Amino acid sequence: MTIRSARPHSTLRLQLHRGFGFAEALAQCDYFAALGVSHIYASPIFSARSGSTHGYDVVDPQQVNPELGGEPGLRALVQGLHQRGMGLILDIVPNHMAIGSQNPWWCDVLLWGEQSAYANWFDIAWQGPDTALHGKVLLPILGDSYGVLLSAGAFTLDFDGRSGRFSITYGDQHLPLAPQAYAALLAHSDAPCLDEARAIFAALAHGDKPALQQQAQRGWQLLQVAAAQDAGATAIAALLQQLVTAPGAAMHALLECQHYRLCDWRNAGDEINWRRFFEIGDLIGMRVEREDVFEATHSGLFRLVEQGLVDGVRIDHIDGLADPRAYARQLRTRLQSLRAAWTPQPVYIIAEKILATDEQLPVDWGLDGTSGYDFMDQVGAWLHEGHGSVALDAIWYRSCADSDVDARLFRPLVSNTRRRLLEQNFASELQALCQTLHTLARSEPATRDLSLHSIHRCVLELLVSFPVYRSYADADGCCPYDAHLIRTTATQVSERLRALDRPSLLAVVAWLSGAASAASPATKQLRWRARTRWQQLTPPLTAKSTEDTAFYRYGRLLSRNEVGSMPAQLALSSDHLHRYAAQRHYHFPDAMLSTATHDHKRGEDARARLAVLSEVPQQWGQALRQWQQINQAARAQAPIDAVDELMLYQSLIGVWPLARLDLRDVRQRLSAWQQKALREAKRRSDWNAPDLAYEAVCDAFLMQILRDAPDNDFLPALQQFLDQIAAAGALNGLSQTMLRLTMPGVPDLYQGCEFWDFSLVDPDNRRAVDYAARQAMMQHGQRQPLTLDDWRSGGCKQQLIQMLLHFRRSHSDLFNKGHYVPLTVQGSLASKLIAFARSVDTCTVVVVCSRHSAGEINAEDDLPLIEASRWGDTRVLLPTHSGKQWQSILSGAQGALTVIADGPWALPVAAVLRGFPVDLLVLSR
């Protein structure tokens with residue numbers, strides 16, 4: 001058995017589902033081990049809704065998902081991993097659960113309402129401003145308006161003789177009947193066999209009992225017995241028939257007695273009285289800040305950690321929690337105490353956290369770092385050429401003008417999008433926040449005159465302009481940084497408000513940003529509730545306005561429209577990339593480094609290829625005009641607008657395969673992407689109100705330009721342009737891979753991305769992985785040195801990953817504890833190279849990666865490589881104590897450093913990057 005480290009040095013993300021569960025993962029463990037990863041990083045494994053493809057819709061966090069193989073399958077997988085010296089990291093979902101009949105806690109809430117043991121486990125406002133929802137939860141599950149469906153008889157009453165319970169059925173949904181409603185229902189029957197049950201439920205209806213649930217259980221047992229007899233079965237059938245013959249009024253009266261209120265799913269944004277995950281109406285927020293909820297929702301995880309099956313966790317959507325800091329610290333303390341029984345090594349904990357530019361993850365949360373969106377943004381921006389921004393802007397502005405779209409600048413676009421979302425998609429959340437603040441205002445004489453509408457106007461403007469995902473106030477108030485952000489935002493928005501609203505703005509800012517002050521317990525609780533509502537609204541608002549709307553409207557260059565990125569920032573210098581790496585090395589040396597995830601908008605190599613357009617914006621503009629001219633007839637038949645056409649062309653560039661073109665497959669994938677993109681943009685279509693006619697127009701245009709026909713001039717024109725940039729895109733992809741595997745942090749490999757990754761947004765990025773092809777390629781690569789001879793197959797990327805992962809594993813101290821030293825690059829092509837050293841006492845290595853190669857690649861060779869002769873005098877400067885000799889880990893080549901007069905040692909780039917665009921060199925004396 002290989003010795004296993006409980007701390008990861010590299011991870012491989014797997015998306016588990018019914019078609020690829022624990023057994024299928026176990027079957028690939030030999031391949032994963034041969035690749036060199038130390039840990040499998042699995043999507044959520046606890047019971048989710050039947051058929052879930054991702055696992056984030058958890059219905060039972062205490063049970064391992066039987067669709068994945070259940071706990072026996074998990075144990076077999078972990079045993080297989082341990083036998084190969086590997087471990088397991090889990091993605092956990094503390095923020096929310098899925099509603100529905102498969103969630104027993106939720107069903108109990110629907111059955112008992114506020115009297116349920118779980119009523120306060122879910123983030124439900126039981127006594128909100130809407131009196132129609134007092135004591136009820138809104139259920140936005142209807143496909144049409146309530147009145148229309150009621151008149152159509154869409155709701156039926158059913159009886160389950162095995163349990164003795166009635167339920168209301170709508171489609172495939174079975175909703176429990178409140179015990180208090182049984183008395184009125186049974187009153188419609190005078191059958192003697194139902195008398196005892198009727199009496200028990202009548203007592204429930206009037207609250208005449210000390211033990212509600214025990215009495216109801218007795219009533220159900222009596223109905224169960226009655227249903228087993230002919231007289232009882234006949235009486236119950238008659239009751240059901242009464243609702244069939246008079247469905248409208250009778251059914252409405254019955255529904256009004258329930259602990260839930262049914263409505264059209266499109267009403268959720270306006271009326272919902274519980275916290276959703278983003279704006280998804282079937283995922284409900286959990287109050288994990290409560291001790292009982294924390295224990296119950298994590299009991300399955302605690303058991304697995306205590307038994308040594310799990311080495312670490314990734315916390316999904318930590319910004320959705322009431323107090324992320326307290327949660328993260330509580331989780332670490334608990335997991336560490338459970339883990340201490342079998343290893344002294346600290347548990348590995350990272351969190352999904354999107355950071356704004358220059359925002360830092362708080363160091364006092366007790367986390368090892370983020371899940372890597374920040375690195376993905378930084379290395380992606382580094383691949384882009386900043387000088388291309390002017391020409392790319394011109395192309396984008398022209399498309400906006402041609403389509404009458406006001407989306408030229410990204411930041412104003414996001415602000416406008418937030419305003420629309422607050423008015424429509426998050427109107428209920430905004431109302432709840434403002435109501436809480438208004439109640440707080442009414443509780444204090446100094447602010448009692450502040451009106452609800454004035455508070456609403458102020459809060460709206462603050463939300464539109466808030467610059468980060470959220471602040472992190474707790475019961476003691478805000479930290480100075482967060483308080484500064486809130487006050488600075490207030491200063492910016494005050495000019496957009498009437499002078500009469502300024503007192504409201506000052507009060508709101510004081511409540512949200514101020515430190516705890518003397519107040520009654522009730523007032524303190526109101527302040528905390530207001531801050532929590534604010535802090536749980538800004539993350540989904542920011543995400544939906546940016547990633548899920550503006551990213552689909554803003555089309556300057558789609559490679560920068562990625563989770564964690566700011567598209568307004570096109571490029572990043574090597575100095576800035578070094579600075580971010582040094583900060584991560586100092587504060588979070590074990591943070592995850594990702595360049596592809598289950599949530600990415602485009603695959604890592606699709607983005608790397610699109611980045612080349614920033615190097616050749618003039619050629620890109622010429623190609624675009626040529627394609628628009630060629631497709632003029634298609635556009636006349638299917639009038640797609642200019643913005644959607646531009647984004648489609650960019651997506652084609654990103655997704656186009658390097659080998660084995662399957663045009664039908666490309667059409668299907670692009671068609672699915674295009675429909676999603678149109679609806680996410682909320683410009684010409686929308687998920688809530690799809691414009692099927694325009695969607696059909698766009699699909700017809702796509703099919704027309706991608707038809708496999710001799711008279712289609714677009715395909716050869718597209719291929720010609722792709723041939724000009726493909727090698728430069730591949731070079732970017734290899735550099736991105738090298739940086740992920742050598743910079744400070746724990747590199748993650750998303751499933752299948754050891755080959756070129758030209759995927760689109762989900763579900764495209766979650767397609768099945770062809771492991772047989774990857775195993776065959778690995779066996780082939782092991783028989784030959786690393787070369788670019790067959791670079792289009794992706795084999796060189798896989799071989800690079802394998803070599804680097806095994807080197808990391810055999811030099812763990814170097815990458816876990818070693819210094820990070822930025823190195824100076826001089827010479828004619830210095831801007832096209834980044835170099836740094838990693839060192840410990842016993843070893844020093846130098847990493848060199850090239851970029852911006854579109855103008856340097858030899859078109860005849862067609863290789864992702866800047867020719868050695870092009871590097872000229874370009875060199876990397878090294879400290880004199882580093883060593884005098886170098887040897888490549890990738891090729892085995894050796895060489896000597898040169899000496900600069902009265903200066904440091906130098907590494908001539910032309911001597912190193914002769915056959916591959918990146919390298920890892922070991923220095924020696």
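As a reminder, the structure under discussion sits directly above these lines.
Presented here is an overview of the structure given in this document. Sequence positions are assigned chain by chain, starting from 1 and proceeding in written order. For a predicted model such as this one, the threshold for reporting local features is a pLDDT of at least 70, and the threshold for listing and counting side-chain atom pairs is 80 or more; totals across whole chains, interfaces and linings nevertheless cover every residue. Side-chain figures throughout are based on the complete set of non-hydrogen atoms in the structure, without hydrogens or water.

In this description, a nonpolar core means a group of buried Ala, Val, Leu, Ile, Met, Phe, Trp, Tyr and Cys residues linked to one another through side-chain atoms lying within 4.5 Å. Burial classes follow relative accessibility: with a 1.4 Å probe on protein chains only, a residue under 20% of its type's maximum area counts as buried, one over 50% as exposed, and anything between as partly exposed. Residues Leu 331 and Trp 620 are the most contacted members of the largest nonpolar core, which totals 163 residues. What counts as a helix is a DSSP run of H or I of at least four residues, what counts as a strand is a run of E of at least two, and both are numbered from the N terminus. Ranked by the residues each element gives to this core, the list is headed by helix H29 (residues 714-742), at 15 residues. Core analysis: the second largest hydrophobic core is formed by 64 residues, Phe 159, Leu 212, Tyr 260 and Met 286 among them.

Right, let's get into the sheet that holds strand S2 (residues 39-42). By definition, two strands form a pair when at least two bridges between them are found by DSSP. Reading across from one edge, S16-S15-S14-S5-S2-S1-S18-S17 is the order of the eight strands in this open sheet, with parallel pairing throughout. Single-partner strands in this sheet number two, and they are strand S16 (369-370) and strand S17 (592-593). As paired elements, strand S1 (residues 11-14) and S2 share four bridges and run parallel to each other. If you follow Leu 12 over to S2, its bridge partner there is Ile 40. Here, two residues are considered to be in contact whenever any of their heavy atoms come within 4.5 Å of each other. Lines fitted to the C-alpha atoms define the axes, with helices restricted to the stretch that makes contact. Angles between their N-to-C directions range from 0 to 180 degrees. This element, helix H3 (residues 70-83), spans S2 and strand S5 (87-92) of the sheet and lies at about 135 degrees to S5.

Position of Arg 584 relative to the elements: it lies in helix H22 (residues 574-587). Although Arg 584 lies buried, it forms no salt bridge, and the closest oppositely charged side chain, Asp 374, sits 5.3 Å away as judged by the N-O distance. Side-chain atoms alone can form a polar contact between residues adjacent in sequence; in general such a contact is a pair of N or O atoms within 3.5 Å, and within protein one must be able to donate a hydrogen while the other accepts it. At 3.5 Å, the side chain of Arg 584 and the side chain of Gln 378 are in polar contact. Setting aside anything within four residues of it in sequence, one finds Arg 584 in contact with Phe 375, Gln 378, Pro 589, Ala 591, Leu 593, Met 743 and Pro 744. Think of it this way: Lys and Arg go in the positive column, Asp and Glu in the negative one, and His and the chain ends go nowhere. Any Lys or Arg side-chain nitrogen located within 4 Å of an Asp or Glu carboxyl oxygen qualifies as a salt bridge.

What follows covers the packing of helix H15 (residues 389-403) against helix H24 (residues 617-630). The relative placement of two packed helices is expressed as an angle between their axes plus a distance between the axes. Relative orientation of the contacting elements H15 and H24 amounts to 25 degrees, with a least axis distance of 9 Å. By the angle between their axes, H15 is roughly parallel relative to H24. Where H15 crosses over H24, the handedness of that crossing is left-handed. Residue-level contacts link Ala 391, Leu 392, Ile 395 and Arg 398 of H15 to Pro 617, Gln 618, Trp 620, Gly 621, Leu 624 and Arg 625 of H24. For the contact of H15 with H24, the residue count by class is six nonpolar, two polar and two charged. Angle categories: roughly parallel below 35 degrees, roughly antiparallel above 145, roughly perpendicular from 65 to 115, and oblique for all the rest. Crossings are classed by handedness, with left-handed meaning an anticlockwise turn of the near helix from the far one by less than a right angle and right-handed meaning a clockwise turn. Think of it as three bins: nonpolar holds Ala, Val, Leu, Ile, Met, Phe, Trp, Tyr, Cys and Pro, charged holds Asp, Glu, Lys and Arg, and polar takes everything else, Gly as well.

With that settled, consider the sheet that holds strand S19 (residues 819-822). Strand order in the open sheet formed by six strands is S19-S21-S22-S28-S24-S25, with antiparallel pairing between adjacent strands. Only two strands of the sheet have a single partner each, and these edge strands are S19 and strand S25 (894-896). Between one strand and the next, the sheet's axes are offset by a mean angle of 25 degrees, whatever the strand orientation. Docked against the sheet, H22 engages S19 and strand S21 (833-840), running at close to 25 degrees with respect to S21. Along the sheet, H29 contacts S21, strand S22 (843-850) and strand S28 (918-924); its crossing angle with S22, the most-contacted strand, is approximately 155 degrees.

Attention shifts here to the pairing of strand S14 (residues 312-315). Side chains of S14 alternate between two faces, with Gly 312 and Arg 314 and Val 313 and Ile 315 buried alike. In this sheet, S14 lies alongside S5 in parallel orientation, the contact comprising four bridges. When the bridges of S14 are listed, Ile 92 appears paired with Ile 315. Note: S14 against strand S15 (residues 348-351), four bridges, orientation parallel. Looking at the pairing, Ile 315 lines up with Ala 351 of S15. With the strands pointing away from the viewer, any crossover whose connection runs clockwise from the first strand over the helix to the second is right-handed. A crossover connection joins S14 to the parallel S15 through helix H13 (residues 324-339); in handedness this β-α-β unit is right-handed.

Moving on, we come to the environment of Leu 331. Take Leu 331: it is sitting in helix H13. Leu 331 sits in the buried class, given a relative accessible area of 0%. With residues near it in sequence (within four places) discarded, Leu 331 still touches Ile 92, Phe 294, His 298, Leu 301, Phe 302, Val 313, Ile 315 and Ile 349.

Burial runs high along helix H14 (residues 373-382): ten of the ten residues are buried. Those residues of H14 lying buried are Tyr 373, Asp 374, Phe 375, Met 376, Asp 377, Gln 378, Val 379, Gly 380, Ala 381 and Trp 382.

Further remarks concern the environment of Glu 604. The residue Glu 604 is located in helix H23 (residues 604-610) in this model. Expressed as a C-alpha distance, the spacing of Glu 604 and Ser 671, which sit 67 residues apart in the sequence, is 21 Å. Beyond its immediate stretch of four places on either side in the chain, Glu 604 contacts Thr 595, Ala 596, Gln 736, Arg 740, Cys 753, Asp 757 and Lys 797. Engagement of the side chain of Glu 604 in a polar contact is seen with the side chain of Lys 797, the distance being 2.5 Å.

On to the packing of aromatic side chains. Aromatic pairs are defined between Phe, Tyr and Trp rings, using the six-membered ring for Trp, whenever the two ring centres lie within 6.5 Å; interplanar angles under 30 degrees are classed as stacked, those over 60 as edge-to-face, and all others as tilted. One pass over the structure, following the stated rule, counts 32 aromatic pairs. For the ring pair Tyr 31 and Tyr 771, a centre distance of 6.0 Å and an interplane angle of 65 degrees mean the geometry is edge-to-face. You can see Tyr 31 sitting in helix H2 (residues 29-35) and its partner Tyr 771 sitting in helix H30 (residues 771-781), a full 740 residues away along the chain. Across the pair, Tyr 771 and Tyr 31 agree in class, each one buried. On the basis of an interplanar angle of 75 degrees and a centroid distance of 4.9 Å, the ring pair of Trp 365 and Tyr 472 is categorised as edge-to-face. Pair noted here: Trp 365 is in the loop between S15 and S16 and Tyr 472 is in the loop between helix H18 (452-465) and helix H19 (480-493), with a separation of 107 residues, a long-range link. When its relative accessible area of 16% is taken as the criterion, Tyr 472 is described as buried. Here a set of aromatic residues connected by ring pairs shows up, and it is made of Trp 112, Phe 159, Phe 166, Tyr 182, Phe 201 and Trp 220. By definition here, charges over rings are those cases where NZ of Lys or CZ of Arg is within 6 Å of the ring centre and within 35 degrees of the ring normal. Directly above the ring of Tyr 580 sits Arg 579, whose terminal nitrogen or CZ lies 5.0 Å from the centroid. The residue whose ring lies beneath Arg 609 is Phe 758, and the NZ or CZ to ring-centre distance is 4.3 Å.

These figures capture arrangement, not role.
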